[in-house]
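Working through the structure, step by step
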Amino acid sequence: GKAESRPKYPRSLPSLPIIGSLLHLGGNPQLHLLFHSLQKKYGSLYSLKMGSHYMVVVSHYRHAKEVLKKGNTFAGRPHTVTTDMLTRDGKDIAFASYSPLWKFQRKQVHAALSVFRKGTLALEKIIYREAASLCETLRTSQDTFLDIAPEFSRAITNVMCSLCFSSCYKREDPDFEATLQYSQGIVDTVGQESLVDIFPCLQVFPNKDLALLKRCVEVRDRLLQKQFKEHKEALGSDSANDLMDALLRAQLNLENNNSRLAQPLELTDDHLLMTVADIFGAGVETTSTGLKWAVLYLLHYPEVQRKIQEELDQKIGFERHPQLSDRQQLPYLEATISEVLRIRPISPLLIPHVALTDASIGEYTIPKGAQVIINIWSLHHDEKEWDKPEEFNPGRFLDERGNRLYSPSPSYLPFGAGIRVCLGERLAKMELFLFLAWILQRFTLEALPGQSLPSLEGKFGVVLQVQPFKVKARLRAAWRDGV
Ligand code: HEM
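Presented here is an overview of the structure given in this document. Bear in mind that the values here come from a model prediction, so they are computed numbers and not experimental data. (Residues numbered from 1 in each chain as written. Predicted model: local features only at pLDDT ≥ 70, side-chain atom pairs only at ≥ 80, totals over all residues.)

1. Points about the overall build of the protein chain
In terms of helices and strands, the protein chain carries 16 helices and ten strands. Dimensions along the principal axes, computed over C-alpha positions, put the protein chain at roughly 85 × 55 × 45 Å. Per-residue burial for the protein chain yields a buried fraction of 44% across its 483 residues. Of the contacts formed within the protein chain by residues at least 6 apart in sequence, a portion of 76% connects residues at least 24 apart. (Helix = DSSP H or I, 4+ residues; strand = E, 2+ residues; numbered from the N terminus. Buried ≥ 20, exposed ≤ 12 C-beta atoms within 10 Å, placed from the backbone. Contact = placed C-beta atoms within 7 Å.)

Dropping the structure here:
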(Lines give C-alpha, C1' and ligand atoms only; values in the text may rest on other atoms or scores of the structure.)
Protein backbone atom coordinates (compact mmCIF):
# COMPACT_ATOMS: atom_id res chain seq x y z
CA GLY A 1 0.00 0.00 0.00
CA LYS A 2 0.86 3.59 -0.19
CA ALA A 3 2.36 4.57 3.11
CA GLU A 4 2.35 8.22 2.24
CA SER A 5 2.48 9.94 5.59
CA ARG A 6 0.49 13.07 5.95
CA PRO A 7 2.09 15.88 7.92
CA LYS A 8 1.06 15.84 11.54
CA TYR A 9 0.68 19.26 13.07
CA PRO A 10 0.65 20.09 16.77
CA ARG A 11 -2.82 20.14 18.27
CA SER A 12 -4.25 23.57 17.91
CA LEU A 13 -6.37 25.75 20.12
CA PRO A 14 -9.68 26.65 18.52
CA SER A 15 -9.35 29.91 16.65
CA LEU A 16 -11.41 32.47 14.84
CA PRO A 17 -10.23 34.49 11.88
CA ILE A 18 -8.30 37.69 12.66
CA ILE A 19 -8.56 37.59 16.41
CA GLY A 20 -7.06 34.12 16.36
CA SER A 21 -6.99 32.42 19.71
CA LEU A 22 -6.96 35.65 21.63
CA LEU A 23 -10.46 35.11 22.96
CA HIS A 24 -9.31 31.83 24.37
CA LEU A 25 -6.39 33.42 26.10
CA GLY A 26 -8.97 35.36 28.04
CA GLY A 27 -6.72 38.36 28.48
CA ASN A 28 -4.60 36.61 31.10
CA PRO A 29 -1.56 38.85 31.41
CA GLN A 30 0.49 36.07 33.03
CA LEU A 31 1.19 34.45 29.69
CA HIS A 32 3.70 31.90 31.02
CA LEU A 33 1.15 30.59 33.54
CA LEU A 34 -1.62 30.52 31.00
CA PHE A 35 0.53 28.56 28.53
CA HIS A 36 1.58 26.26 31.35
CA SER A 37 -2.00 25.48 32.27
CA LEU A 38 -3.11 24.94 28.65
CA GLN A 39 -0.86 21.84 28.59
CA LYS A 40 -3.43 19.98 30.65
CA LYS A 41 -5.91 20.13 27.84
CA TYR A 42 -3.72 20.34 24.74
CA GLY A 43 -0.57 18.41 25.65
CA SER A 44 3.02 19.54 25.89
CA LEU A 45 3.23 20.76 22.29
CA TYR A 46 0.34 22.77 20.91
CA SER A 47 -0.28 25.61 18.54
CA LEU A 48 -2.38 28.73 18.57
CA LYS A 49 -2.91 31.86 16.59
CA MET A 50 -1.97 35.25 17.97
CA GLY A 51 -3.75 37.55 15.59
CA SER A 52 -2.65 36.15 12.27
CA HIS A 53 0.61 34.65 13.62
CA TYR A 54 0.86 30.87 13.87
CA MET A 55 2.57 30.06 17.12
CA VAL A 56 3.77 26.79 18.62
CA VAL A 57 4.21 26.46 22.38
CA VAL A 58 6.84 24.03 23.64
CA SER A 59 6.56 22.84 27.23
CA HIS A 60 8.80 19.80 27.48
CA TYR A 61 12.59 19.88 27.71
CA ARG A 62 13.11 17.25 25.01
CA HIS A 63 11.28 19.35 22.48
CA ALA A 64 12.91 22.53 23.79
CA LYS A 65 16.39 21.11 23.32
CA GLU A 66 15.50 19.89 19.87
CA VAL A 67 14.40 23.40 18.86
CA LEU A 68 17.37 25.18 20.41
CA LYS A 69 20.02 22.78 19.18
CA LYS A 70 18.85 22.16 15.62
CA GLY A 71 21.51 24.39 14.06
CA ASN A 72 19.91 27.55 12.71
CA THR A 73 16.55 25.96 11.83
CA PHE A 74 14.72 27.86 14.57
CA ALA A 75 17.09 30.82 14.86
CA GLY A 76 14.74 33.40 13.39
CA ARG A 77 13.04 36.14 15.38
CA PRO A 78 9.64 37.70 14.73
CA HIS A 79 9.32 41.36 13.81
CA THR A 80 7.18 43.30 16.21
CA VAL A 81 6.22 46.96 16.34
CA THR A 82 7.87 47.58 19.68
CA THR A 83 11.10 45.69 19.09
CA ASP A 84 11.46 47.28 15.65
CA MET A 85 11.19 50.67 17.28
CA LEU A 86 13.71 49.64 19.91
CA THR A 87 16.28 48.15 17.53
CA ARG A 88 15.90 50.17 14.31
CA ASP A 89 14.21 47.23 12.62
CA GLY A 90 16.31 44.46 14.09
CA LYS A 91 19.85 45.81 13.73
CA ASP A 92 20.74 44.48 17.18
CA ILE A 93 21.46 40.91 18.28
CA ALA A 94 18.57 39.75 20.45
CA PHE A 95 15.72 40.73 18.12
CA ALA A 96 17.53 40.28 14.81
CA SER A 97 16.80 37.23 12.71
CA TYR A 98 19.56 34.83 11.84
CA SER A 99 21.97 36.24 9.21
CA PRO A 100 25.71 36.33 8.53
CA LEU A 101 25.83 39.86 9.93
CA TRP A 102 23.99 38.80 13.10
CA LYS A 103 26.55 36.01 13.48
CA PHE A 104 29.36 38.52 13.09
CA GLN A 105 27.84 40.86 15.70
CA ARG A 106 27.48 37.99 18.21
CA LYS A 107 31.04 36.88 17.59
CA GLN A 108 32.44 40.36 18.19
CA VAL A 109 30.57 40.79 21.45
CA HIS A 110 31.54 37.32 22.58
CA ALA A 111 35.20 38.01 21.87
CA ALA A 112 35.08 41.38 23.63
CA LEU A 113 33.46 39.83 26.70
CA SER A 114 36.20 37.18 26.92
CA VAL A 115 38.93 39.78 26.59
CA PHE A 116 37.35 41.99 29.22
CA ARG A 117 36.98 39.15 31.66
CA LYS A 118 40.67 39.53 32.34
CA GLY A 119 42.96 42.25 31.08
CA THR A 120 42.70 45.95 31.56
CA LEU A 121 38.97 46.19 31.98
CA ALA A 122 38.69 43.22 34.35
CA LEU A 123 34.97 42.92 34.80
CA GLU A 124 35.59 41.25 38.12
CA LYS A 125 37.21 44.38 39.53
CA ILE A 126 34.40 46.56 38.22
CA ILE A 127 31.92 44.37 40.04
CA TYR A 128 33.94 44.65 43.28
CA ARG A 129 33.86 48.42 42.95
CA GLU A 130 30.10 48.45 42.49
CA ALA A 131 29.52 45.88 45.23
CA ALA A 132 31.57 48.00 47.63
CA SER A 133 29.57 51.07 46.73
CA LEU A 134 26.28 49.19 47.11
CA CYS A 135 27.33 47.92 50.54
CA GLU A 136 28.22 51.46 51.54
CA THR A 137 24.73 52.64 50.56
CA LEU A 138 23.19 49.81 52.56
CA ARG A 139 25.36 50.66 55.56
CA THR A 140 24.32 54.29 55.63
CA SER A 141 20.65 53.36 55.46
CA GLN A 142 20.76 50.33 57.71
CA ASP A 143 18.16 51.62 60.13
CA THR A 144 15.54 52.17 57.47
CA PHE A 145 13.45 49.98 55.26
CA LEU A 146 14.74 50.55 51.80
CA ASP A 147 13.45 49.84 48.31
CA ILE A 148 16.52 47.94 47.20
CA ALA A 149 15.47 47.68 43.54
CA PRO A 150 16.83 51.06 42.39
CA GLU A 151 20.08 50.37 44.22
CA PHE A 152 20.50 47.12 42.26
CA SER A 153 19.64 48.91 39.01
CA ARG A 154 22.26 51.56 39.79
CA ALA A 155 24.96 49.00 40.55
CA ILE A 156 24.29 46.84 37.50
CA THR A 157 23.84 49.85 35.23
CA ASN A 158 27.28 51.02 36.27
CA VAL A 159 28.82 47.63 35.54
CA MET A 160 27.29 47.75 32.07
CA CYS A 161 28.35 51.40 31.54
CA SER A 162 31.91 50.39 32.34
CA LEU A 163 31.73 47.43 30.00
CA CYS A 164 30.11 49.32 27.11
CA PHE A 165 31.60 52.82 27.44
CA SER A 166 34.24 52.64 30.19
CA SER A 167 32.33 55.30 32.02
CA CYS A 168 31.11 55.09 35.56
CA TYR A 169 28.47 57.43 36.88
CA LYS A 170 28.06 59.20 40.18
CA ARG A 171 24.61 59.01 41.72
CA GLU A 172 23.56 62.56 40.85
CA ASP A 173 24.76 62.55 37.25
CA PRO A 174 21.78 63.60 35.07
CA ASP A 175 22.84 61.24 32.26
CA PHE A 176 22.80 58.39 34.76
CA GLU A 177 19.35 59.25 36.06
CA ALA A 178 18.14 59.51 32.47
CA THR A 179 19.61 56.07 31.76
CA LEU A 180 17.84 54.52 34.73
CA GLN A 181 14.57 56.10 33.69
CA TYR A 182 14.61 55.13 30.06
CA SER A 183 15.56 51.54 30.95
CA GLN A 184 12.54 51.28 33.19
CA GLY A 185 10.33 52.80 30.51
CA ILE A 186 11.50 50.23 28.00
CA VAL A 187 10.83 47.33 30.36
CA ASP A 188 7.38 48.69 31.05
CA THR A 189 6.47 48.95 27.38
CA VAL A 190 8.20 46.24 25.37
CA GLY A 191 5.69 43.56 26.28
CA GLN A 192 6.38 40.35 24.44
CA GLU A 193 2.80 40.01 23.34
CA SER A 194 1.36 43.45 23.74
CA LEU A 195 -1.66 44.18 21.60
CA VAL A 196 0.24 46.40 19.19
CA ASP A 197 2.57 43.53 18.48
CA ILE A 198 -0.32 41.23 17.71
CA PHE A 199 -2.19 43.78 15.65
CA PRO A 200 0.34 46.08 13.98
CA CYS A 201 -2.54 48.02 12.47
CA LEU A 202 -3.35 49.40 15.92
CA GLN A 203 -0.32 51.61 15.54
CA VAL A 204 -2.37 54.33 13.93
CA PHE A 205 -4.37 54.77 17.11
CA PRO A 206 -2.88 56.90 19.83
CA ASN A 207 -1.18 54.55 22.20
CA LYS A 208 0.19 55.68 25.50
CA ASP A 209 2.75 52.91 25.79
CA LEU A 210 4.07 53.35 22.31
CA ALA A 211 4.51 57.06 22.91
CA LEU A 212 6.39 56.34 26.12
CA LEU A 213 8.60 53.82 24.38
CA LYS A 214 9.33 56.35 21.66
CA ARG A 215 10.37 58.95 24.22
CA CYS A 216 12.60 56.43 26.02
CA VAL A 217 14.24 55.39 22.78
CA GLU A 218 14.93 59.05 21.97
CA VAL A 219 16.65 59.59 25.31
CA ARG A 220 18.64 56.39 24.87
CA ASP A 221 19.69 57.39 21.37
CA ARG A 222 20.83 60.82 22.48
CA LEU A 223 23.09 59.33 25.18
CA LEU A 224 24.30 56.62 22.82
CA GLN A 225 25.16 59.12 20.11
CA LYS A 226 27.18 61.18 22.59
CA GLN A 227 29.24 58.12 23.58
CA PHE A 228 29.65 57.16 19.94
CA LYS A 229 31.03 60.56 18.99
CA GLU A 230 33.47 60.61 21.90
CA HIS A 231 34.66 57.08 21.23
CA LYS A 232 35.14 57.68 17.54
CA GLU A 233 37.24 60.75 18.18
CA ALA A 234 39.37 58.99 20.78
CA LEU A 235 39.85 55.72 18.93
CA GLY A 236 43.60 55.30 19.08
CA SER A 237 45.93 52.52 18.11
CA ASP A 238 46.20 50.93 21.53
CA SER A 239 43.93 48.19 22.75
CA ALA A 240 40.15 48.54 22.94
CA ASN A 241 38.96 49.77 26.30
CA ASP A 242 35.32 48.84 26.11
CA LEU A 243 32.67 47.24 23.97
CA MET A 244 32.09 50.34 21.88
CA ASP A 245 35.80 50.55 21.04
CA ALA A 246 35.86 46.86 20.20
CA LEU A 247 32.93 47.26 17.80
CA LEU A 248 34.41 50.38 16.19
CA ARG A 249 37.55 48.39 15.52
CA ALA A 250 35.58 45.48 14.14
CA GLN A 251 33.81 47.93 11.85
CA LEU A 252 37.14 49.28 10.57
CA ASN A 253 38.60 45.82 10.08
CA LEU A 254 35.56 44.77 8.16
CA GLU A 255 35.82 47.79 5.86
CA ASN A 256 39.45 46.94 5.15
CA ASN A 257 38.91 43.24 4.56
CA ASN A 258 35.55 43.17 2.87
CA SER A 259 37.03 42.94 -0.61
CA ARG A 260 38.46 39.56 0.38
CA LEU A 261 35.19 38.15 1.68
CA ALA A 262 32.98 36.09 -0.59
CA GLN A 263 29.94 37.77 0.93
CA PRO A 264 30.82 41.27 2.10
CA LEU A 265 29.28 42.34 5.40
CA GLU A 266 28.41 45.87 6.32
CA LEU A 267 28.38 46.78 10.00
CA THR A 268 26.70 50.17 9.71
CA ASP A 269 26.78 52.74 12.51
CA ASP A 270 23.17 51.77 13.22
CA HIS A 271 24.16 48.12 13.69
CA LEU A 272 27.02 49.14 15.93
CA LEU A 273 24.85 51.38 18.10
CA MET A 274 22.02 48.88 18.34
CA THR A 275 24.43 46.14 19.35
CA VAL A 276 25.76 48.20 22.24
CA ALA A 277 22.25 49.23 23.23
CA ASP A 278 21.19 45.60 23.12
CA ILE A 279 23.93 44.39 25.43
CA PHE A 280 23.16 47.24 27.75
CA GLY A 281 19.45 46.51 27.74
CA ALA A 282 19.83 42.74 28.01
CA GLY A 283 22.42 43.11 30.73
CA VAL A 284 20.74 45.49 33.16
CA GLU A 285 17.12 44.46 33.64
CA THR A 286 17.75 40.72 33.65
CA THR A 287 20.54 40.74 36.19
CA SER A 288 18.95 43.25 38.56
CA THR A 289 15.71 41.28 38.37
CA GLY A 290 17.68 38.15 39.32
CA LEU A 291 19.10 39.94 42.35
CA LYS A 292 15.65 41.13 43.40
CA TRP A 293 14.22 37.61 43.19
CA ALA A 294 17.14 36.27 45.21
CA VAL A 295 16.62 38.83 47.98
CA LEU A 296 12.87 38.26 48.05
CA TYR A 297 13.37 34.51 48.43
CA LEU A 298 15.91 35.07 51.21
CA LEU A 299 13.29 37.11 53.06
CA HIS A 300 10.80 34.28 52.68
CA TYR A 301 13.37 31.63 53.64
CA PRO A 302 15.57 33.08 56.41
CA GLU A 303 17.08 29.64 57.05
CA VAL A 304 18.55 29.74 53.52
CA GLN A 305 20.03 33.14 54.24
CA ARG A 306 21.55 31.82 57.48
CA LYS A 307 23.09 28.84 55.71
CA ILE A 308 24.69 31.07 53.08
CA GLN A 309 26.10 33.27 55.82
CA GLU A 310 27.50 30.27 57.71
CA GLU A 311 29.20 29.13 54.53
CA LEU A 312 30.60 32.63 53.94
CA ASP A 313 31.82 32.89 57.53
CA GLN A 314 33.58 29.53 57.34
CA LYS A 315 35.14 29.86 53.92
CA ILE A 316 35.85 33.59 53.65
CA GLY A 317 35.59 35.03 57.15
CA PHE A 318 35.65 38.76 57.82
CA GLU A 319 39.18 39.73 56.87
CA ARG A 320 38.69 39.97 53.13
CA HIS A 321 35.93 40.37 50.58
CA PRO A 322 34.56 37.48 48.50
CA GLN A 323 36.17 36.98 45.10
CA LEU A 324 35.22 35.21 41.94
CA SER A 325 37.75 32.46 42.70
CA ASP A 326 35.72 31.58 45.81
CA ARG A 327 32.85 30.20 43.77
CA GLN A 328 33.94 26.56 44.11
CA GLN A 329 34.12 27.00 47.85
CA LEU A 330 30.62 28.40 48.20
CA PRO A 331 28.39 25.69 46.73
CA TYR A 332 25.38 26.56 48.86
CA LEU A 333 25.32 30.13 47.58
CA GLU A 334 25.77 28.85 44.02
CA ALA A 335 22.95 26.36 44.53
CA THR A 336 20.71 29.13 45.85
CA ILE A 337 21.34 31.19 42.72
CA SER A 338 20.53 28.17 40.53
CA GLU A 339 17.33 27.57 42.46
CA VAL A 340 16.25 31.21 42.15
CA LEU A 341 16.75 31.03 38.37
CA ARG A 342 14.74 27.79 38.31
CA ILE A 343 11.77 28.79 40.38
CA ARG A 344 11.45 32.26 38.85
CA PRO A 345 13.04 32.12 35.40
CA ILE A 346 13.76 35.72 34.49
CA SER A 347 12.85 35.20 30.86
CA PRO A 348 10.04 32.65 31.23
CA LEU A 349 9.25 32.34 27.52
CA LEU A 350 12.79 33.06 26.25
CA ILE A 351 12.59 35.38 23.26
CA PRO A 352 10.31 33.95 20.54
CA HIS A 353 12.11 31.86 17.92
CA VAL A 354 10.97 31.52 14.30
CA ALA A 355 11.29 28.50 11.99
CA LEU A 356 13.43 29.61 9.04
CA THR A 357 12.43 26.57 6.93
CA ASP A 358 9.80 23.87 7.04
CA ALA A 359 10.88 21.84 10.03
CA SER A 360 9.82 19.38 12.66
CA ILE A 361 9.70 19.04 16.42
CA GLY A 362 9.48 15.42 17.50
CA GLU A 363 6.94 13.80 15.20
CA TYR A 364 5.23 17.08 14.39
CA THR A 365 5.53 19.20 11.29
CA ILE A 366 6.28 22.87 11.86
CA PRO A 367 5.73 25.17 8.88
CA LYS A 368 8.28 27.77 7.88
CA GLY A 369 7.58 31.10 9.56
CA ALA A 370 5.97 29.58 12.65
CA GLN A 371 6.85 31.30 15.90
CA VAL A 372 8.13 28.89 18.50
CA ILE A 373 7.67 29.83 22.14
CA ILE A 374 9.63 27.80 24.64
CA ASN A 375 7.96 27.88 28.01
CA ILE A 376 10.89 27.72 30.41
CA TRP A 377 8.40 28.12 33.23
CA SER A 378 6.92 24.73 32.28
CA LEU A 379 10.36 23.14 32.03
CA HIS A 380 11.28 24.45 35.47
CA HIS A 381 7.99 23.40 37.07
CA ASP A 382 7.62 19.98 35.46
CA GLU A 383 6.51 17.63 38.23
CA LYS A 384 8.09 14.64 36.51
CA GLU A 385 11.47 16.36 36.70
CA TRP A 386 11.31 18.33 39.93
CA ASP A 387 10.16 17.17 43.31
CA LYS A 388 7.58 19.71 44.56
CA PRO A 389 8.50 22.33 41.96
CA GLU A 390 6.87 25.24 43.83
CA GLU A 391 9.07 24.60 46.85
CA PHE A 392 12.19 26.76 47.13
CA ASN A 393 14.95 24.31 47.90
CA PRO A 394 18.57 25.14 46.99
CA GLY A 395 19.57 21.70 48.29
CA ARG A 396 18.20 20.08 45.13
CA PHE A 397 21.19 21.52 43.27
CA LEU A 398 23.75 19.94 45.63
CA ASP A 399 25.15 16.41 45.68
CA GLU A 400 24.44 14.06 48.59
CA ARG A 401 27.19 15.42 50.75
CA GLY A 402 26.07 18.94 50.06
CA ASN A 403 29.43 20.19 48.91
CA ARG A 404 29.23 20.11 45.13
CA LEU A 405 26.94 21.80 42.68
CA TYR A 406 24.93 19.20 40.83
CA SER A 407 22.46 19.23 37.99
CA PRO A 408 19.37 17.29 39.08
CA SER A 409 17.41 17.47 35.81
CA PRO A 410 17.93 18.25 32.13
CA SER A 411 14.72 20.30 32.36
CA TYR A 412 16.61 23.47 33.30
CA LEU A 413 17.47 26.22 30.80
CA PRO A 414 17.44 29.65 32.47
CA PHE A 415 19.73 31.07 29.76
CA GLY A 416 18.38 29.10 26.80
CA ALA A 417 20.78 26.96 24.75
CA GLY A 418 22.23 26.55 21.26
CA ILE A 419 23.17 29.31 18.85
CA ARG A 420 20.77 31.80 20.47
CA VAL A 421 21.93 31.09 24.00
CA CYS A 422 22.27 34.14 26.24
CA LEU A 423 25.49 36.00 25.43
CA GLY A 424 25.86 37.24 28.98
CA GLU A 425 25.45 34.01 30.93
CA ARG A 426 28.95 34.06 32.39
CA LEU A 427 28.83 37.75 33.23
CA ALA A 428 25.37 37.43 34.78
CA LYS A 429 26.44 34.51 36.98
CA MET A 430 29.52 36.45 38.04
CA GLU A 431 27.41 39.42 39.04
CA LEU A 432 24.75 37.44 40.89
CA PHE A 433 27.41 35.55 42.81
CA LEU A 434 29.56 38.52 43.76
CA PHE A 435 26.79 40.96 44.68
CA LEU A 436 25.03 38.39 46.87
CA ALA A 437 28.27 37.22 48.49
CA TRP A 438 29.31 40.79 49.33
CA ILE A 439 25.91 41.72 50.71
CA LEU A 440 25.42 38.60 52.82
CA GLN A 441 28.92 38.67 54.22
CA ARG A 442 28.14 42.07 55.72
CA PHE A 443 24.39 42.28 56.19
CA THR A 444 21.37 40.31 57.27
CA LEU A 445 18.33 41.14 55.19
CA GLU A 446 15.06 41.58 57.05
CA ALA A 447 11.48 42.14 55.99
CA LEU A 448 9.14 44.70 57.53
CA PRO A 449 8.00 43.18 60.83
CA GLY A 450 4.34 42.57 61.53
CA GLN A 451 3.35 42.64 57.88
CA SER A 452 2.89 39.81 55.45
CA LEU A 453 5.92 39.23 53.28
CA PRO A 454 6.01 40.70 49.79
CA SER A 455 4.42 38.45 47.19
CA LEU A 456 6.42 35.86 45.27
CA GLU A 457 4.16 36.18 42.29
CA GLY A 458 5.92 37.71 39.34
CA LYS A 459 4.56 39.98 36.66
CA PHE A 460 5.02 38.80 33.10
CA GLY A 461 6.81 41.10 30.65
CA VAL A 462 10.14 41.19 28.80
CA VAL A 463 11.42 39.94 32.14
CA LEU A 464 9.46 38.30 34.94
CA GLN A 465 9.25 41.35 37.16
CA VAL A 466 9.28 41.41 40.94
CA GLN A 467 6.69 43.51 42.71
CA PRO A 468 8.25 46.33 44.75
CA PHE A 469 9.16 45.53 48.34
CA LYS A 470 11.17 47.00 51.18
CA VAL A 471 14.01 45.45 53.06
CA LYS A 472 16.25 46.35 55.97
CA ALA A 473 19.94 45.48 55.66
CA ARG A 474 21.26 45.09 59.20
CA LEU A 475 25.03 45.19 59.57
CA ARG A 476 26.20 41.86 61.00
CA ALA A 477 27.93 41.83 64.40
CA ALA A 478 31.44 41.27 63.07
CA TRP A 479 31.27 44.48 61.02
CA ARG A 480 29.76 46.80 63.57
CA ASP A 481 33.03 48.06 65.00
CA GLY A 482 34.16 49.36 61.67
CA VAL A 483 36.16 46.40 60.34
C1 HEM B 1 19.35 36.28 25.34
C2 HEM B 1 18.64 34.99 29.97
C3 HEM B 1 21.83 38.36 31.41
C4 HEM B 1 22.85 39.35 26.79
C5 HEM B 1 18.88 35.67 26.48
C6 HEM B 1 17.84 34.67 26.49
C7 HEM B 1 17.66 34.30 27.78
C8 HEM B 1 18.56 35.07 28.59
C9 HEM B 1 16.68 33.25 28.30
C10 HEM B 1 17.05 34.19 25.25
C11 HEM B 1 17.58 32.94 24.64
C12 HEM B 1 16.71 32.50 23.48
O13 HEM B 1 16.02 33.31 22.86
O14 HEM B 1 16.71 31.31 23.17
C15 HEM B 1 19.40 35.84 30.76
C16 HEM B 1 19.38 35.83 32.21
C17 HEM B 1 20.27 36.80 32.61
C18 HEM B 1 20.85 37.38 31.42
C19 HEM B 1 18.51 34.91 33.08
C20 HEM B 1 20.65 37.23 34.01
C21 HEM B 1 20.48 36.55 35.11
C22 HEM B 1 22.44 38.85 30.30
C23 HEM B 1 23.55 39.77 30.30
C24 HEM B 1 23.82 40.07 28.99
C25 HEM B 1 22.89 39.32 28.18
C26 HEM B 1 24.29 40.28 31.52
C27 HEM B 1 24.86 40.99 28.42
C28 HEM B 1 26.12 40.85 28.52
C29 HEM B 1 21.96 38.63 26.01
C30 HEM B 1 21.85 38.77 24.57
C31 HEM B 1 20.84 37.89 24.15
C32 HEM B 1 20.36 37.23 25.36
C33 HEM B 1 22.66 39.70 23.68
C34 HEM B 1 20.33 37.66 22.73
C35 HEM B 1 21.03 36.48 22.11
C36 HEM B 1 20.52 36.18 20.70
O37 HEM B 1 19.35 36.43 20.40
O38 HEM B 1 21.31 35.69 19.88
N39 HEM B 1 19.31 35.89 27.77
N40 HEM B 1 20.28 36.78 30.33
N41 HEM B 1 22.08 38.59 29.00
N42 HEM B 1 21.06 37.70 26.45
FE43 HEM B 1 20.75 37.17 28.38
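And the narrative resumes.
2. Describing the sheet that holds strand 9 (residues 443-447)
Think of a sheet as strands paired side by side through backbone hydrogen bonds, with each pair either parallel or antiparallel. Ordered in space as 4-10-9, the three strands form an open sheet in which the pairing is antiparallel. Each having just a single partner strand, strand 4 (146-147) and strand 9 make up the two edges of the open sheet. Bridge count between strand 4 and strand 10 (residues 470-475): two bridges; the pairing is antiparallel. Paired with Leu 146 across the strands is Val 471, a residue of strand 10. (Pairing = 2+ DSSP bridges.)

3. A look at the packing of helix 8 (residues 174-189) against helix 10 (residues 208-234)
Packed helix pairs are characterised by how far apart their axes lie and by the angle those axes make with each other. Packing of helix 8 against helix 10 leaves a shortest axis separation of 9 Å and a crossing angle of 145°. Of the two possible hands of crossing, helix 8 and helix 10 adopt the one that is left-handed. Along its contact with helix 8, which presents Asp 175, Ala 178, Thr 179, Tyr 182, Gly 185, Ile 186 and Thr 189, the element helix 10 presents Asp 209, Leu 212, Leu 213, Cys 216, Val 219, Arg 220 and Leu 223. (Axes fitted to C-alpha atoms, helices over the stretch in contact; angles between N-to-C directions. Left-handed = near helix turned anticlockwise from the far one by under 90°.)

4. Notes on helix 3 (residues 61-69)
Here helix 3 has its buried residues at Tyr 61, His 63, Ala 64, Val 67 and Leu 68. An end-on view of helix 3 places all buried positions within 160° of arc, on one side of the element. Packing partners of the buried residues in helix 3 comprise strand 2 (45-50), strand 3 (53-58), strand 5 (353-354), strand 6 (359-361), strand 8 (371-374) and helix 15 (376-380). (Arc of directions from axis to C-beta.)

5. A look at the site of the ligand
Taken together, 23 residues form the shell around the ligand, and within it Ala 282, Gly 416, Cys 422, Gly 424 and Ala 428 come nearest. Every element with two or more residues in the shell around the ligand is listed here: helix 12 (269-300) and helix 16 (425-442). Tallying contributions element by element places helix 12 first for the shell around the ligand, with seven residues. Considered class by class, the residues forming the shell around the ligand number 13 nonpolar, seven polar and three charged. (Near = placed C-beta within 6 Å. Nonpolar A, V, L, I, M, F, W, Y, C, P; charged D, E, K, R; others polar.)

6. Considering the nonpolar core
Core analysis: the biggest nonpolar cluster contains 126 residues, and Val 58, Cys 164, Leu 243, Val 276, Phe 435 and Leu 436 have the highest contact counts within it. Element by element, the count of residues in this core is highest for helix 12, at 16 residues. (Core = buried A, V, L, I, M, F, W, Y, C linked by C-beta atoms within 7 Å.)

7. Observations concerning the sheet that holds strand 2
Strand order across the open sheet formed by five strands is 1-2-3-8-5, with mixed pairing between neighbours. Each having just a single partner strand, strand 1 (11-12) and strand 5 make up the two edges of the open sheet. In this sheet, strand 8 lies alongside strand 5 in antiparallel orientation, the contact comprising two bridges. Residue pairing in the sheet places His 353 in a bridge with Val 372 of strand 8.

8. What about the environment of Tyr 42?
One can find Tyr 42 in helix 2 (residues 31-42). When the C-alpha atoms of Tyr 42 and Arg 11 are compared, they prove to be 6.5 Å apart, with 31 residues separating the residues in sequence. In this structure, Tyr 42 is in contact with Arg 11 and Leu 13, ignoring residues within four places of it in sequence.

9. Examining helix 8
A rise of 1.5 Å per residue sets the reference length of helix 8, with its 16 residues, at 22 Å; its end C-alpha atoms lie 23 Å apart and thus fit the reference within 8%. The elements touched by buried residues of helix 8 are helix 4 (81-87), helix 7 (149-165), helix 10 and helix 12. (Expected span 1.5 Å × (residues − 1).)

10. Regarding the environment of Tyr 301
With respect to the helices, strands and loops of the structure, Tyr 301 is situated in the loop between helix 12 and helix 13 (302-315). Residue classification places Tyr 301 among the partly exposed residues on the basis of 17 C-beta atoms within 10 Å. Separated by eleven residues in sequence, Tyr 301 and Gly 290 have C-alpha atoms that sit 16 Å apart.

Read these as geometric descriptors, not functional statements.
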